[in-house]
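Report on the structure
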Amino acid sequence: MSFFPNQPFRWAIIGPGRIAQKFALGLRAVPDAKIVAVASRDPQRAKAFILPFGGAAFGNYADMLDAGNIDAVYVATPHNFHAEHSLLALERKIPVLCEKPLAVNVSQVKSMLDASAKHNSFLMEGLWTRFLPHIRKVEEIRNAGTLGSIKFIQADFGYSSTFDLESRLYNPNLAGGALLDIGIYPLFLACFLLGFPQSFTIDADLAPTGVDASVYIQLNFSNQAKAQLMSTIQYKSKTAARIVFEKGEIEIEEQWLRPANLLITDSETNKTTKLEFPPLANGFEYEAMEVQQCVKNGLIESSLFPHTFSLALMQLMDAMRKEIGVSYPFEL
């Protein structure tokens, strides 16, 4: 690893798809970060992706990882490959930022956490929303207690996609479905702010392929708080979030899971304050900065998004998939 003054933090990417393009754009706002390598099963895709960065292209993941000169790798392949490709790096003691969901089920997540501990190598789930400034401000307000405790959360995330048997969204062999792809965001918000629920109810609309196209969730917490969550790949929703406290509420403007502004209402004064949080680039830069700081400090996990949270989140999603009868062929 480099970590010498004036030396860049060297990133490699596995899977040069759409989300990797966004990550690379965000990385431009991190002064000491540089993309030095990318690997794809299609060598031409790797070459096209790396061209603007002047790094190396590989047609084999292991070859890239074995080449050295990498400080961390971003795993951006489809969900069903997250565990396999993260393990390739962890076993070589290369720090990993793995795009959400960390894996497909609890068994896979445990194997990744075990490898991180065994090889003393950093691992973090790439749920970028956790690190966005407006979410950190919500956390700050909750911790300060000025609005009292949280009583209710409402959040959704929905967009329209055309049904396609081969699409990763609808293909069970690629761990398709709304819950793992986008439902994880509303779940994260509720569990991050309120802890994990005492019970839940879930209803789903299933696609012809058997994956969940829409999910409707209520979480019930031990302190009487509740969360109502929805995610769908069948139609576009407002993608809004509202957090109701005892003494006020916070509305997250625009699409709440992306860089956004806050409207904070104090019910005692009936005053609403707007706070703006423009990103440095597109928002992906914040999770990259967290990884770099943790790796430079010799950590194997982030205190902001610890392994225990990723494991508990996957346990909850496993239970939800069981409830709605969604499983994947490779899990049998």
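Before going into details, it helps to say that this report is about the structure given with it. (Residues numbered from 1 in each chain as written. Predicted model: local features only at pLDDT ≥ 70, side-chain atom pairs only at ≥ 80, totals over all residues. Heavy atoms only, no water.)

Residues spaced three or four apart along an α-helix point in a common direction, a consequence of the helix completing one turn every 3.6 residues. Inspection of helix H2 (residues 43-50) places Ala-46, Phe-49 and Ile-50 among the buried residues, and these make up the whole buried set. Buried residues of H2 fall within an arc of 85 degrees about the axis and therefore sit on the same side. Of the residues in H2, the exposed ones pointing more than 90 degrees away from the buried face are Gln-44 and Ala-48. (Buried < 20%, exposed > 50% of the residue type's maximum accessible area, 1.4 Å probe, protein only. Helix = DSSP H or I, 4+ residues; strand = E, 2+ residues; numbered from the N terminus. Arc of directions from axis to C-beta.)

Among the structural elements, His-82 can be located in helix H4 (residues 82-90). A polar side-chain atom of His-82 sits 2.7 Å from the main-chain carbonyl oxygen of Thr-77. His-82 has contacts with Val-75, Thr-77, Cys-98, Glu-99, Lys-100, Pro-101, Leu-102, Ala-103 and Met-112, leaving out every residue within four places of it along the chain. (Polar contact = N/O pair within 3.5 Å; in protein donor to acceptor, adjacent residues only side chain to side chain. Contact = heavy atoms within 4.5 Å.)

You can see Ile-184 is positioned in helix H7 (residues 178-194). Look at Ile-184 and you get buried, because its relative accessible area is 0%. Measuring from C-alpha to C-alpha, the distance between Ile-184 and Pro-101 comes to 7.4 Å, with 83 residues separating the pair along the chain. When sequence neighbours within four positions are dropped, the list of residues in contact with Ile-184 reads Lys-100, Pro-101, Glu-125, Leu-127, Leu-179, Leu-313 and Met-317.

Judged by nonpolar contacts, the single largest core of 120 residues is most densely connected at Trp-11, Met-64, Leu-187 and Leu-219. In terms of residues, this core owes the most to one element, H7, which gives 14 residues. Setting aside its immediate chain neighbours within four residues, Leu-187 contacts Leu-179, Ile-217, Leu-219, Leu-229, Leu-313, Leu-316, Met-317 and Met-320. (Core = buried A, V, L, I, M, F, W, Y, C linked by side-chain atoms within 4.5 Å.)

Let us look at helix H5 (residues 106-118). Its 13 residues place the ends of H5 18 Å apart at the C-alpha level, agreeing with the 18 Å of an ideal helix rising 1.5 Å per residue. Among all positions of H5, only Val-106, Gln-108, Val-109, Met-112, Leu-113, Ala-115 and Ser-116 are buried. At its buried positions, H5 is contacted by H4, strand E5 (96-99), strand E6 (123-126) and helix H9 (307-324). Where H5 terminates, the next one or two residues include Asn-120, which has phi positive at roughly 50 degrees. (Expected span 1.5 Å × (residues − 1).)

A few words on the packing of aromatic side chains. Overall, the coordinates contain 15 aromatic pairs when judged by the stated rule. When the centroid spacing of 6.4 Å and the interplanar angle of 35 degrees are considered together, the rings of Phe-131 and Phe-305 count as tilted. In this pair, Phe-131 is assigned in the loop between E6 and helix H6 (133-144) and Phe-305 in the loop between helix H8 (285-296) and H9, connecting sequence segments 174 residues apart. Aromatic pair Phe-157 and Tyr-185: ring centres 5.7 Å apart, planes at 65 degrees, arrangement edge-to-face. (Phe/Tyr/Trp six-rings, centres within 6.5 Å; stacked < 30°, edge-to-face > 60°.)

Burial along strand E4 (residues 72-75) is two-sided: Ala-72 and Tyr-74 facing one way and Val-73 and Val-75 facing the other are all buried. When strand E1 (residues 9-14) meets E4, the two strands line up parallel, connected through 4 bridges. Bridge pairing in E4 links Ala-12 to Val-73. Sheet topology note: the E4/E5 ladder contains 3 bridges and is parallel. Each residue of the ladder has a partner; that of Val-73, found in E5, is Val-96. (Pairing = 2+ DSSP bridges.)

Summed over all chains, the structure comprises 11 salt bridges. The shortest N-O distance in the salt bridge between Asp-32 and Lys-296 comes to 2.6 Å. Of the two residues, Asp-32 sits in the loop between helix H1 (18-27) and strand E2 (33-39) while Lys-296 sits in helix H8, which places them 264 residues apart along the sequence. With a relative accessible area of 26%, Asp-32 lands in the partly exposed category. Using a relative accessible area of 37% as the deciding quantity, one classes Lys-296 as partly exposed. Among the salt bridges present, the one from Asp-181 reaches Arg-168, with a minimum N-O distance of 2.7 Å. With Asp-181 in helix H7 and Arg-168 in the loop between strand E7 (150-158) and H7, the pair connects residues that are 13 residues apart, well separated along the chain. Judged by its relative accessible area of 31%, Arg-168 falls in the partly exposed class. (Salt bridge = Lys/Arg side-chain N within 4 Å of Asp/Glu carboxyl O.)

None of the figures reported here should be taken as evidence of function without further support.
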